[in-house]
There are 4 protein chains.
Amino acid sequence: MIIVLKNKASKDSIDRFVNDMTLKGLNVHLSEGSEHTIIGLIGDTTAINADDLQSIEIVESVKRISEPFKQANRKMHPDDSLIKAGNITVGEGFFNVIAGPCSVESEEQIIEIAGDVKKSGASMLRGGAFKPRTSPYAFQGLHDEGIKLLIKAKKATGLPIVTEIMNLNHIDLFTDVDLIQVGARNMQNFDLLKELGKCDKPVLLKRGLANTIEEWLMSAEYIMAGGNHNIILCERGIRTFETMTRNTLDISAVPVLKSKTHLPVIIDPSHATGNSAMVAPLSKASVAAGADGLMIEVHNNPSKALCDGAQSLNPAQFESLMGEIKKRAEFENKII
Amino acid sequence: MIIVLKNKASKDSIDRFVNDMTLKGLNVHLSEGSEHTIIGLIGDTTAINADDLQSIEIVESVKRISEPFKQANRKMHPDDSLIKAGNITVGEGFFNVIAGPCSVESEEQIIEIAGDVKKSGASMLRGGAFKPRTSPYAFQGLHDEGIKLLIKAKKATGLPIVTEIMNLNHIDLFTDVDLIQVGARNMQNFDLLKELGKCDKPVLLKRGLANTIEEWLMSAEYIMAGGNHNIILCERGIRTFETMTRNTLDISAVPVLKSKTHLPVIIDPSHATGNSAMVAPLSKASVAAGADGLMIEVHNNPSKALCDGAQSLNPAQFESLMGEIKKRAEFENKII
Amino acid sequence: MIIVLKNKASKDSIDRFVNDMTLKGLNVHLSEGSEHTIIGLIGDTTAINADDLQSIEIVESVKRISEPFKQANRKMHPDDSLIKAGNITVGEGFFNVIAGPCSVESEEQIIEIAGDVKKSGASMLRGGAFKPRTSPYAFQGLHDEGIKLLIKAKKATGLPIVTEIMNLNHIDLFTDVDLIQVGARNMQNFDLLKELGKCDKPVLLKRGLANTIEEWLMSAEYIMAGGNHNIILCERGIRTFETMTRNTLDISAVPVLKSKTHLPVIIDPSHATGNSAMVAPLSKASVAAGADGLMIEVHNNPSKALCDGAQSLNPAQFESLMGEIKKRAEFENKII
Amino acid sequence: MIIVLKNKASKDSIDRFVNDMTLKGLNVHLSEGSEHTIIGLIGDTTAINADDLQSIEIVESVKRISEPFKQANRKMHPDDSLIKAGNITVGEGFFNVIAGPCSVESEEQIIEIAGDVKKSGASMLRGGAFKPRTSPYAFQGLHDEGIKLLIKAKKATGLPIVTEIMNLNHIDLFTDVDLIQVGARNMQNFDLLKELGKCDKPVLLKRGLANTIEEWLMSAEYIMAGGNHNIILCERGIRTFETMTRNTLDISAVPVLKSKTHLPVIIDPSHATGNSAMVAPLSKASVAAGADGLMIEVHNNPSKALCDGAQSLNPAQFESLMGEIKKRAEFENKII
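This structure is a prediction, so every number in the text was calculated from the model and none was measured.

All right, on to the relation of the copies chain C and chain D then. The transform that puts chain C on chain D rotates by 180° and translates by 0.0 Å along the axis, for an RMSD of 0.0 Å. The relationship between the two copies is best expressed as a two-fold rotation axis. The position closest to the rotation axis in chain C is occupied by the C-alpha of Ala210(C), lying 2.9 Å away. Of the residues that chain C buries at the interface, 100% are likewise interface residues in chain D, meaning the two copies contact each other through the same surface.

As structure tokens, then:
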């Protein structure tokens, strides 16, 4: 960490600052220039908040050199992590497609869709039981009944299942869920992250609507700090000024994450665009950019979907897309 | 709600759509043009999600005419709501300044600051006991011990207290808290909002980092839908590309909210800028723009603050600022 | 265009409004509801500004149904446009890679790089002669001398050339340039666009830093309205809150544009990320997403580049990348 | 400027880099740590582009310590600049209100509005002659005829006039214009800025839609580098995700600019919100935040305005607002 001091900083106040930092176990390198005195802090600075230093009266600006995330950091763990979720392996070298409806609506619906997506080559079933909805008057999901139906679909097809958790008291309901999703709106629900850190279930951590990649990795770090290292990151679009798509898919997040972390990263093109017509081109782009998988919404009757139908493919469209994805994943030497 | 149909929509599919909408209790007004058929839905459309309609195959686009929030809507409740929190009244005609440290750190600290801000004219004490921090390695607050210290400061000074809740299981700890804060990162933690809807404590609902004003009002609606109408909105800056301030204070949110809702709105200039030097000009601007109050960070030793010191005023700076605020609030005919 | 009137609009003022619109040659469809009166305008509304209507006292809100761009609109021109630039054809079915340095620096430099990129398979040479730089103290390009050097490189290699125009008085300098680039900062320099509308040179129109896709197409419309239909669009990243990349590549712009317009679209991954390590994954993603080409910065000595070296590939890296791009373009059945 | 080197940087390459920097006239301070070698560059670094350094292979990251603007920098010029435009003085201690229509439409219109706004206390008349419009089919202004009408209004009322330039070839048409406006879309039209740097007319430089404050000051620096120091900055809202206002007024820009530069800053609340109902609260907030003036749209018949009527006040509304502004400017001890 580099700290530039104000040029009016007194010798005395500098001495006190250096002393404080030394007491925190850091080595301090002082460099006095004609205009600015600059301090280099050497050692483990992850517990030090740059904004805190910024508040000290003699400090002009602070620059962090080492990243604030440790366990998620590729520098600490150069090999790619492979995450097991049910019977599938997610990570570098593999390509998994998670598919299913936005919401679980009925036994018939989820079992039919599960059968369809499995036949087309999906390796995991998604379906919302607890649904975060902007409006309190909108359909909020079937709750524990929805999870039970997902488990039935899992039994019927053998597909492992992923569904979203919104409440830390619900964790026991997720015992038979193979991958627990933390949605964009809860990416910084730190109490939920801590709770998930205590279990050993794999977690699918979606990026928040307007969160930086660094904040996203810090949320992964929350879970890892609790002891749970089974994390898959999911980019689902960020909020910008553009209105022709619901969000803006940040495809660059894939190579950034591949360089900064050892954790797998998948893409959700359905939520990123809110438009079923764009799911295919963005899915292909995701394979090419190096993502480890996709999460795609599929509904047997999108026009009747209780939520987010506009972005859902029907089973025939999904089957056709899977053909395209498989060819490209093989082209990129991924096991699909 | 107005729905523009695709020009290739068949008579048959239009009939089915009209029928569906009628079954939902809505009146349907059909207008067939040469290029587009347009449908107007008349009645209570708050439970209808525009995105859902969008997914229907024959639909080209959807425009909501009436706002999706009801209980928060000024149209439904033309008079300004006045919210009681402890012994203070927040809302149109009044001007309240909430002040205190980012975090409660010790009994001495919080009681000293409480005394200072009361003397300067603050009407409520703030202090974080549960702190949302980006890093799991950063100080997370004194938790229930922090709330106990706030209550001591309340007893010592008579100031009502506000502090943030991060976990719906903690609600019992807030019995003696006068105003429960929901932070920006939890604005769409819907399970927490529902829980707060069940109690009758006033809630200070901060705007999310990248949430629209409509989404913010929908989060207020979540609490109100549960029966708790005691909500104060707090604008604290949104995320943009600008880097010279930590966030961008959306001062326009004040007149927008004053026109759209009857709920009070206050401004947090400390978090909006992350810079103590900007707190004074933005506080004055907030009074002038019509805000009902301010929330300002004050620390007796900002350089030693365990979090967010850079944005904290010291007691002398706060006293001077309060002088400026009082003159302006009186100029605007507000009771301060 | 649909116009929702305020419920207090008088019969008289509505009549006057309907009359005004009729005088503009539009058909007016009036629909009176219990709460709102809604007006549909039928006919060519491209010259009508929605904001203007919005200002009329009786108007509550305005919704445009037909897009404001005409000549750029795929509805008016369903077939893909193929644009000739020198000896190359840009558009659907083809894949062109434009490569070269950020700035032309010397005869040796540009001729050496031109030879290198041609050998690797680039079909066009880029190089800045007039450079838009944030600082007036930074290198601004070799100006007309730079264009002369590009022409020498064109003669030496046979590659057509593209370079940026910043000043409408310079158009004569571009006589031997095959494709004139309008940079992001000049996307809404309307006088420059009008001037380019008068010539018949193909134009490479980059998206502005924070412009919507609709605004971008309206800028294309400016050039087309002048009579010049030879436009290639270039997505180069938009400005968001993310800081790990210089900009955020909006890959979704490719399928959006492919559906909204007949004009070709290429991607500039170098400027989008500002990081040479991300050029390869984003180039591959661009091919897969359906782009018609790429514009990539290549420098024979990136560390010595006078501008934007951080995002430049060296010739060996570019050669390797071209191998990857060719395989993928062929996989997508594009002629490269 | 501080440069952090990669830990694999060889002694040899570091030596070459140090030598390069020394040749550029900079003093180099080298600090070798166990993990990172850090270089401090001391001297005038304004001509050095951080991105250029970033491209050098051994460089990990670069941090600029001194700001890249010199002549606009308050450090170089601690006293507030007062800018003369016609018979008025703009800057600290004064408060000027510029008012008038979006577009000059006719002699009657501009003379009537000029008389009205003068009577209410405006000190300068605005009116667009050359209008930047998103659509080529929209009204683009009366051009030189519009300037002639403004000059007539100036003669009739004595008010100095401000109008926008869009084309560097038009500068001669602005001889009798007192203040030349550079619009948001041309903030980085560097050739236009250079041309304005050569004349001695005061320039009203609006902030670009998505430009940082630093970039804005660099655009001022372009004009100043040419010798013209008469610059007034105008904040007019930035682009964000919020849709209830056309743009988001960045009120924090006022205190940021007051600390970073000696140039005056005014606010345009009409363009910032696109909504006449918000002009009054944001005008009051601007006075309180420390702005040196306002630019407000006033039209004698907003519903008939040829552009941007929605944000225009009528003369009666403006007169009432001026009463409010005067009281507040006097309260802040400004000469109005």
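When chain A is fitted to chain B, the best match, at an RMSD of 0.1 Å, comes from turning it 180° and sliding it 0.1 Å along the axis. The fraction of interface residues of chain A whose copies in chain B are also interface residues reaches 100%, indicating that both copies meet through the same surface.

This paragraph deals with the pairing of strand β1 (residues 2-5) of chain C. Residues and elements named next belong to chain C. Because side chains alternate across β1, one face comprises the buried residues Ile 2 and Val 4, and the other comprises Ile 3 and Leu 5, equally buried. Note: β1 against strand β4 (residues 59-63), four bridges, orientation antiparallel. Within β4, the position partnered with Ile 2 by the bridge is Lys 63.

So, about the interface of chain A and chain B. Facing 50 residues of chain A, the contacting portion of chain B comprises 50 residues. For the chain A and chain B pair, buried surface summed over both sides reaches about 4100 Å², with 47% attributable to carbon and sulfur atoms. Between chain A and chain B we count two salt bridges in total. Its salt-bridge partner being Glu215(B), residue Arg239(A) comes within 2.6 Å of it at the nearest N-O pair. Viewed at the interface, chain B and chain A are joined by 21 residue pairs in polar contact (both at pLDDT 80 or more). For the side of chain A that touches chain B, the element with the highest residue contribution is helix α6 (residues 213-225) of chain A, accounting for five residues.

On to the sheet that holds strand β1 (residues 2-5) of chain B. Residue and element names in this part refer to chain B. Reading across the sheet, the four strands line up as β2-β3-β1-β4 and stay open at both edges, with antiparallel pairing between neighbours. Bordering the open sheet on either side are β2 (27-32) and β4 (59-63), each of which pairs with just one other strand. If you compare each strand with its neighbour and ignore which way they point, the axes differ by 20° on average. Relative to strand β3 (residues 37-42), β2 runs antiparallel, the two sharing six bridges. Bridging from a neighbouring strand, Glu 32 pairs with Thr 37 of β3. Where helix α1 (residues 11-23) meets the sheet, it contacts β1, β2 and β3, and its direction lies at approximately 155° from that of β2.

Glancing now at the environment of Ile42(A). All names here are of chain A. Its location among the elements puts Ile 42 in strand β3 (residues 37-42). Overall, the relative accessible area of 29% leaves Ile 42 in the partly exposed class. In this structure the C-alpha to C-alpha distance between Ile 42 and Asp 20, which are 22 residues apart in sequence, comes to 14 Å.

Further remarks concern the sheet that holds strand β1 (residues 2-5) of chain A. Residues and elements named next belong to chain A. Sheet architecture is open: four strands sit in the order β2-β3-β1-β4, paired in antiparallel fashion. Sheet topology places β2 (27-32) and β4 (59-63) at the edges, where each strand pairs with a single neighbour. For this sheet, the mean inter-axis angle between neighbouring strands, taken without regard to orientation, is 20°. Sitting on the sheet, helix α1 (residues 11-23) is in contact with β1, β2 and β3, with an inclination near 155° to β2.

Let us look at the interface of chain C and chain D. Taken together, the contact between chain C and chain D spans 50 residues of the former and 50 residues of the latter. Summed over both partners, the interface of chain C with chain D buries about 4200 Å², with 47% contributed by carbon and sulfur atoms. In this assembly, chain C and chain D are joined by two salt bridges. Linking chain C with chain D are 20 residue pairs in polar contact (both at pLDDT 80 or more). If you list the elements that add at least two residues to the side of chain C that touches chain D, you get α2 (50-54), α5 (190-198) and α6 (213-225) of chain C. Tallying contributions element by element places α6(C) first for the side of chain C that touches chain D, with five residues.

Attention now moves to unusual backbone geometry. All names here are of chain B. Phi is positive for His 143, close to 60°, though the residue is something other than glycine. Position of His 143 among the secondary structure elements: in the loop between β8 (124-126) and α4 (144-157). Taking the relative accessible area as the measure of exposure, His 143 reaches 29% and is therefore partly exposed.

Residue and element names in this part refer to chain A. Contact geometry for helix α9 (residues 279-289) and helix α10 (residues 315-331): axes closest at 9 Å, N-to-C directions at 15°. Relative to α10, the element α9 is oriented roughly parallel. Remark: the crossing between α9 and α10 carries right-handed chirality. Note on element contacts: α10 touches α9 through Leu 321, Glu 324, Ile 325, Arg 328 and Ala 329, opposite Val 279, Ala 280, Ser 283, Lys 284 and Val 287. Here the residues of the contact of α9 with α10 are counted per class, giving six nonpolar, one polar and three charged.

Applying the stated rule across the entire model yields ten aromatic pairs over all chains. Between the aromatic rings of Phe331(B) and Phe331(D), the centroid separation amounts to 5.0 Å while the plane-to-plane angle is 55°, which identifies the pairing as tilted. With Phe331(B) in helix α10 (residues 315-331) and Phe331(D) in helix α10 (residues 315-331), the pair connects residues from two separate chains. Considering the side-chain rings of Phe130(C) and Phe174(C), the 6.4 Å spacing of their centres and the 25° angle between planes classify their relative orientation as stacked. With Phe130(C) in the loop between β8 (124-126) and α4 (144-157) and Phe174(C) in the loop between β9 (161-165) and β10 (179-182), the pair connects residues that are 44 residues apart, well separated along the chain. A relative accessible area of 6% means that Phe130(C) is categorised as buried. With a relative accessible area of 0%, Phe174(C) lands in the buried category. Residue placement shows Lys70(B) over the ring face of Tyr137(A); its charged tip is 4.5 Å from the ring centre.

Cut-offs used in this document
Residues numbered from 1 in each chain as written. Chains lettered and ligands numbered in written order. Predicted model: local features only at pLDDT ≥ 70, side-chain atom pairs only at ≥ 80, totals over all residues. Heavy atoms only, no water. Least-squares fit on C-alpha atoms with pLDDT ≥ 70 in both. Contact = heavy atoms within 4.5 Å. Buried < 20%, exposed > 50% of the residue type's maximum accessible area, 1.4 Å probe, protein only. Helix = DSSP H or I, 4+ residues; strand = E, 2+ residues; numbered from the N terminus. Pairing = 2+ DSSP bridges. Buried area = accessible area lost by both parts, 1.4 Å probe. Salt bridge = Lys/Arg side-chain N within 4 Å of Asp/Glu carboxyl O. Polar contact = N/O pair within 3.5 Å; in protein donor to acceptor, adjacent residues only side chain to side chain. Axes fitted to C-alpha atoms, helices over the stretch in contact; angles between N-to-C directions. Parallel < 35°, antiparallel > 145°, perpendicular 65-115°, else oblique. Left-handed = near helix turned anticlockwise from the far one by under 90°. Nonpolar A, V, L, I, M, F, W, Y, C, P; charged D, E, K, R; others polar. Phe/Tyr/Trp six-rings, centres within 6.5 Å; stacked < 30°, edge-to-face > 60°. Lys NZ or Arg CZ within 6 Å of the ring centre and 35° of its normal.

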